[in-house]
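# Results of the structural survey
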Number of protein chains: 2
Amino acid sequence: MSAGNIRLYSYWRSSAAYRVRIALNLKGLPFETMPVHLLQDGGQQHTPEFNDLNPQELVPVLMHGNRILRQSMSIIEYLDETWPTPPLMPATARERQRVRAIAQMIACDIHPLNNLRVLQFMDKTWNVPQAERDTWTRHWIKVGLDAVEDTLCDNPSTGDFCDGEQPTLADCCLVPQVFNAERFGVDMAPYRTIRRIVQNCLAMDEFKAARPENQPDAPAPGGN
Amino acid sequence: MSAGNIRLYSYWRSSAAYRVRIALNLKGLPFETMPVHLLQDGGQQHTPEFNDLNPQELVPVLMHGNRILRQSMSIIEYLDETWPTPPLMPATARERQRVRAIAQMIACDIHPLNNLRVLQFMDKTWNVPQAERDTWTRHWIKVGLDAVEDTLCDNPSTGDFCDGEQPTLADCCLVPQVFNAERFGVDMAPYRTIRRIVQNCLAMDEFKAARPENQPDAPAPGGN
């Protein structure tokens, strides 16, 4: 299928958008970045135009021609099914289960608790102070990464990457989550396997190009 | 592959376990329920024995022989790949993307915000009163179901079920979420399409048998 005409509605610091950027780069698919600033103008994701693209008012959204694709893990599986080489999923049902489970440990049980809309709700509705919100964020990242590390370490399926010797959906989710963890000052020292895998990922050009600071909508250093 | 020796670590009211029960029933796979009481004994999911099965200390866990499978959506895709008939995923990449996206709208962006460990954190760490916690829960269910209804209504892919005329992964996630919504008193009147689909699902024996009140660990009526 033609890779022509792929547009990614993205925000430089969104970890869900970051996942999809990695997958697009690993597939070697060119795409146009459509920046959606989640803070400016009261949040550009809340405009009627963006709501038409995604009633959840969340990034990312991927347009493939006229197809509107939502939800980052589901988008990545679509990319993998549509352009199978290089594969982002392992060859057996058992390994695919493991890869999806690692991705979901992050994308279901860490990230949604800490994303912008949740922290804004706590701030505006409950007046939870910034320091307490940061404690909340770090708590769920630690609980989640503890379990991810436990799943990865000393497991024969783990290789240079979460599953074997090639990046998969799981790595597409892990690297952005570690970016978030570092942003919020989580102590990464206990996560030996995670750190090793993320280092391997970030040595690859496909991951480097997807990094938040390398996006067209990233602010100049020191900006926000 | 033999269906022998399937055990589901489950809690009657866990909506993530409910998803997997539906899928097992739709596949016609017999399984043994291993009850994990999430409230008794300080939470049986926190025992060292259960932590060995799942370092996340969450249900469900599915044992297929010696294989330990975690994360409900990933378990359901494993069941579907291992026992393909009847399929729980549509035939095309585009439709699979849509089904996974609907499932993830629920399993990533509604349920994790409202599950037991989150509400316990708010209670014990922040002393958020019960009424405020219930408001939080209803808020995220409403935000999420608004978007799910928007995705389902007037979409040509929607049929008697979320996608076409057979239940899929999306219905496995939707029905338990609606159970949760009703439990917390969310007004379901605006969700015309969701209500129609859930009614179709709950007319099926496979869904009925998976309902919380029909589980071996469900309390007698009036209990908890």
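Residues numbered from 1 in each chain as written. Chains lettered and ligands numbered in written order. Predicted model: local features only at pLDDT ≥ 70, side-chain atom pairs only at ≥ 80, totals over all residues. Heavy atoms only, no water.

As recorded in an unreviewed UniProt entry, chain A goes by Maleylacetoacetate isomerase and comes from Arenimonas metalli CF5-1. Quoted straight from UniProt, the Sequence similarities (unreviewed entry) entry for chain A says "Belongs to the GST superfamily. Zeta family." (UniProt positions renumbered as here; feature names shortened; annotations may be inferred.)

### Overview of the overall build of chain A
Each helix and strand counted, chain A has 10 helices and four strands in total. Against the 2.2 N^0.38 benchmark of 17 Å for 224 residues, chain A shows a C-alpha radius of gyration of 17 Å, consistent with a compact globule. Sorting the 224 residues of chain A into buried and exposed places 61% on the buried side. In chain A, of all internal contacts separated by at least 6 residues, the share reaching a separation of at least 24 is 68%. (Helix = DSSP H or I, 4+ residues; strand = E, 2+ residues; numbered from the N terminus. Rg over C-alpha atoms; globule rule 2.2 N^0.38 Å. Buried < 20%, exposed > 50% of the residue type's maximum accessible area, 1.4 Å probe, protein only. Contact = heavy atoms within 4.5 Å.)

### Quick notes on the relation of the copies chain B and chain A
Mapping chain B onto chain A is achieved by rotating through 180° and translating by 0.0 Å along the same axis, at an RMSD of 0.0 Å. Accordingly, the operation relating the two chain copies is best matched by a two-fold axis. Relative to the rotation axis, the closest C-alpha in chain B is found at Cys108(B), a distance of 2.1 Å. A shared binding surface is used by both copies, with 100% of the interface residues of chain B retained as interface residues in chain A. (Least-squares fit on C-alpha atoms with pLDDT ≥ 70 in both.)

### Considerations on the UniProt feature "domain: GST N-terminal" (unreviewed entry) in chain A
In the UniProt entry, the feature "domain: GST N-terminal" (unreviewed entry) is given for residues 4-87 of chain A. Secondary structure across residues 4-87 of chain A comprises 36% helix and 20% strand; the distance between its end C-alpha atoms is 20 Å.

### Thoughts on the state of the cysteines
Residues and elements named next belong to chain A. In the structure shown here, the tally under the stated rule is zero disulfides over all chains. Free cysteine: Cys153, not disulfide-bonded; nearest cysteine sulfur from Cys162 at 12 Å. Of all cysteine sulfurs, the one in Cys173 lies closest to Cys172, which takes part in no disulfide; the gap is 6.6 Å. On the basis of relative accessible area, Cys172 is assigned to the buried category, the value being 0%. (Disulfide = S-S within 2.5 Å.)

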